[in-house]
Amino acid sequence: MNYKLLQHDFRTGLLRKRYLWLPLLFIIPCYISSRITTALGMPGTWLDYLCFFFFGCEPIYLNSLDKVILPVQWLSLVGGLLLVNLDYLLYDLDNAGQQIIVRSASRTQWFISKCMWNIASTMVYFIEMAVVAWFFCVIKGGESTLTQISEVSVGTYNVAEITLQDGGKLAFAAILMPFFTLAAASLLQMALCIFIPPVFSFFFVFMIMELSVLLPFPVLMGNAAMAIRSGILHPGFMNVGMEILANTVVMVGSIVMGAIGFRRKDIIKWRE
Amino acid sequence: MQSILRVELWKATHNIKFYIALTAGVLFAVLDAILTGNGPLYGVCMIVSPTNLGSALFFFFWPILVALPYGWSFWKEKKDQSYIQIEARVCRKEFFWAKFMAVFISGGIVMSIPILLNILILALFHPYEMPHVLSGMNALVNGYFLSSLYHSNLWLFLFIWCLVDFLWGGVIACFCLVVGSKPTFQVMVILTPYLVLLALEIILNTFLYGPNFTLYEVCPMELAKAGTLSANPGWIIFSEMGLFAALDIGLGYWQVVKHEL
């Protein structure tokens, strides 16, 4: 692994102004969450706030009578991350990155460095989310701990059948699985950018996410990013093993496909 | 003016992105027609009753679909310097209006053709009946735009809604002109209207609606449907459309005409 390359990507890719705007995206879920905790008469913990971001929606059963109501907040969080990570690959080919790619002497290493940056960027996204949630929790007088208050969680998820054993399972379903899924989705988007224009790449991955909302199958990766559909919290819903397998396949497939595609790409004629 | 308009219109409707956007819209509309259940025409067409996968996809992605055909053109012409060639030959005002109309029409076509096609396909297989006021399948009641026409002349109602969606498509597509050539990448120009509408949807849903049902639908992304959850009176539809048109013309004019080369 070429650490200089990685250092360059972290410096130019993670120190961008757009990360400063992200807290605006996270304020609304926190506000809704605080409204719920206020209505329940309990302050809620940091974990309660964190879990609200990716709780998603219950499976939608399409029929000819009910109008479809999409979880716009969940979709905006997913779309926000996809947008943040959308154009760095192209940006780095347009600017000083052209010099870097000549000196790195390996296109595969260059692309793998971009993949590492992509995962790091997803991590920064989640860290910012956690910080905003912590601020809200403290302002609202809640405990900044990673334990959960079951009444708040059940009130938030609005599903009486959920039996919560411990905060760890909740954190796994509502934070770790969404992180893993969104990292995979973001890598898929970046790999697709090599073959098709970025707008189609964004459209394609975002459409998979919306299809996941409407079709509750574990192979559609978006289902794993919705805690409410997780088999851990709600026995009988999505199979977590299958979700992890699907996301791993997407992640590894994107890296391999992207690396091969990028090695063969004519980057001199490459325009958006 | 006529020659530049002709050129712009030709370019707007003869490019790969226009064909892709139109094909995607048509696919969603056909998918809706395939997946829709039984029932009379007034209760199943996607504009009135958006209840399945095809209509959900179409009405969630329509701001991208309308911006895709030609919304990016001004950005591209500024970036590849071809704008200078045009600017030397025609007045900037004429260029702006020609560009505006071309973007408007291309967006309108991509928005309205799939809806019209969906109605025509469904009309082949579903009976034409007039909706009864007390019918259980009745999606539109008092307070909805043209609800009286829905109960008296369904075809006219559907065609007027196609026209309304043509206007929505055009107005939202022209929102790409507002950002001018500021973004670094074309993709951000195309996604600008979508991001603005999505942000408005989230903000309005959170702060205006709250958890309860409200009297009027005000989210612009939802107002492209005839069958919204809450009532969508004409004054809301046209005032929001007018606001977007004013922004398009005002800021777009400033970006295209007043801006330095």
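Each remark here, short or long, concerns the structure printed above.
Residues numbered from 1 in each chain as written. Chains lettered and ligands numbered in written order. Predicted model: local features only at pLDDT ≥ 70, side-chain atom pairs only at ≥ 80, totals over all residues. Heavy atoms only, no water.

## Some thoughts on the interface of chain A and chain B
With 35 residues of chain A in contact, the opposing surface of chain B contributes 39 residues. Carbon and sulfur atoms make up 80% of the surface buried where chain A meets chain B, a total of about 3,200 Å² over both sides. Linking chain A with chain B are 1 residue pair in polar contact (both at pLDDT 80 or more), by the criterion used here. Secondary-structure elements contributing two or more residues to the side of chain A that touches chain B are helix 2 (18-40), helix 4 (72-84), helix 5 (88-94) and helix 10 (198-214) of chain A. A per-element tally of the side of chain A that touches chain B places helix 10 of chain A first, with 10 residues. (Contact = heavy atoms within 4.5 Å. Buried area = accessible area lost by both parts, 1.4 Å probe. Polar contact = N/O pair within 3.5 Å; in protein donor to acceptor, adjacent residues only side chain to side chain. Helix = DSSP H or I, 4+ residues; strand = E, 2+ residues; numbered from the N terminus.)

## Things to note about the packing of aromatic side chains
Residues and elements named next belong to chain A. A complete count under the given rule lists 41 aromatic pairs over all chains for this structure. One aromatic cluster is present, built from ring pairs that chain together Phe26, Phe53, Phe54, Tyr125, Phe126 and Phe179. Stacked on the ring of Phe262, the Lys or Arg Arg107 has its end atom at 5.5 Å from the ring centre. The lysine or arginine in question, Lys114, covers the ring of Trp110, its NZ or CZ lying 4.0 Å from the ring centre. (Phe/Tyr/Trp six-rings, centres within 6.5 Å; stacked < 30°, edge-to-face > 60°. Lys NZ or Arg CZ within 6 Å of the ring centre and 35° of its normal.)

## Considering the pattern of salt bridges
Residue and element names in this part refer to chain B. Applying the stated rule across the entire model yields 11 salt bridges over all chains. Two residues, Lys11 and Glu77, come together in a salt bridge whose shortest N-O distance is 2.9 Å. Residue Lys11 is located in helix 1 (residues 2-13), and its partner Glu77 is located in helix 5 (residues 73-79); the two are separated by 66 residues in the primary sequence. Accessibility expressed as a relative area gives 29% for Lys11, which makes it partly exposed. (Salt bridge = Lys/Arg side-chain N within 4 Å of Asp/Glu carboxyl O. Buried < 20%, exposed > 50% of the residue type's maximum accessible area, 1.4 Å probe, protein only.)

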